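# Results of the structural survey
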Amino acid sequence: MSDLHLIHGFHAVTSRLRQREDVVKEIYFDSARHDRRGKDLLALAETRGVRVIMVDGKRLDGMTGNQRHQGVAARVEAVKMPTHIDDVLDELTEPPLLLILDGVTDPHNLGACLRVADGMGAHAVIAPKDHAVGLNATVAKVASGAADSVPYIMVTNLARTMRELKERNIWLVGADERAEKDLYGIKLNGPLGWVLGAEGEGMRRLTRETCDELARIPMLGSVESLNVSVSAGICLAEARRQRR
């Protein structure tokens, strides 16, 4: 039973039911909820043949560590995903598009990055095992299903992994507000890895030095920086635009 874990929130549970109902073992639902959204989820669980256990809100609070569970949680099996980037790259039939995160420790930011990566068709998200958040229930909730569709690969040595990607002819572009070029003036339509650091601190020195090129997002307003998931969306979207 050690491979079972808890996810919570309507998006996370509904997505898992729709994509992989075979891994959903049971759902815990707040008996006080009688709204349309709740009824739709219960109907979906019934059609998928998944057991629903009605509980009170306090029990859900305890099960989820007082996270914002929205009245629903589910005990699920871990979805088997690639654990090494080579397993992802060897299966591709188009040029790789990767998102490399350095120093993202907030689960909400990671969840949002996974959601953006899924929407923009990134083939994997790579992060170091240290100085990074792992996949947990909060990440899954924010990712709204993307944690099951985009491989999240944690590596022991990020700079070494980046050098290995370069050996496979993947061009690594670091998002850096101090860069001379902006992302709209560089070529992004080949095998590509976007490298982003956490908001505020940015990439670590060695990570920045290992990039092939640096580019900035033009900022036209009064704010100086963007959330890492917003930056990731802009960078990945421009790469996809150029591929068209």
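Placed above this text is the structure.
Presented here is a report on the structure given in the accompanying data block. All of these numbers come straight from a predicted model, not from anything done at the bench. (Residues numbered from 1 in each chain as written. Predicted model: local features only at pLDDT ≥ 70, side-chain atom pairs only at ≥ 80, totals over all residues. Heavy atoms only, no water.)

## Comments concerning the sheet that holds strand β3 (residues 51-55)
- Strand order across the open sheet formed by four strands is β1-β4-β2-β3, with mixed pairing between neighbours. The sheet terminates laterally at β1 (4-8) and β3, the two strands that pair on one side only. Within this sheet the neighbouring strands show an average axis-to-axis angle of 25°, counted without direction.
- Direction of pairing for strand β2 (residues 24-30) relative to β3: parallel, over a ladder of five bridges. Bridge pairing in β3 places E26 opposite R51.
- Lying over the sheet, helix α2 (residues 36-48) contacts β2, β3 and β4 (72-77), oriented at roughly 155° with respect to β2.
- Relative to the sheet, helix α3 (residues 57-64) contacts β1, β2, β3 and β4, its axis offset from that of β2 by approximately 130°. (Pairing = 2+ DSSP bridges. Helix = DSSP H or I, 4+ residues; strand = E, 2+ residues; numbered from the N terminus. Axes fitted to C-alpha atoms, helices over the stretch in contact; angles between N-to-C directions. Contact = heavy atoms within 4.5 Å.)

## Some thoughts on the nonpolar core
- Core analysis: the biggest nonpolar cluster contains 33 residues, and L99, L101, L110, L114, V125 and W194 have the highest contact counts within it.
- Sorting the residues of this core by element identifies β5 (97-102), α5 (107-119), β6 (124-128), α6 (137-143), β9 (192-197) and α9 (228-243) as the ones contributing at least two each.
- Ranked by residue count, the leading element in this core is α9, at five residues.
- When neighbours within four sequence positions are excluded, W194 is seen to be in contact with L98, L99, I100, V173, G174, A175, L183, L188, A215, C235, L236 and A239.
- Core analysis: the next-biggest nonpolar cluster, separate from the first, contains 18 residues, A12, F29, A74 and V79 among them. (Core = buried A, V, L, I, M, F, W, Y, C linked by side-chain atoms within 4.5 Å. Buried < 20%, exposed > 50% of the residue type's maximum accessible area, 1.4 Å probe, protein only.)

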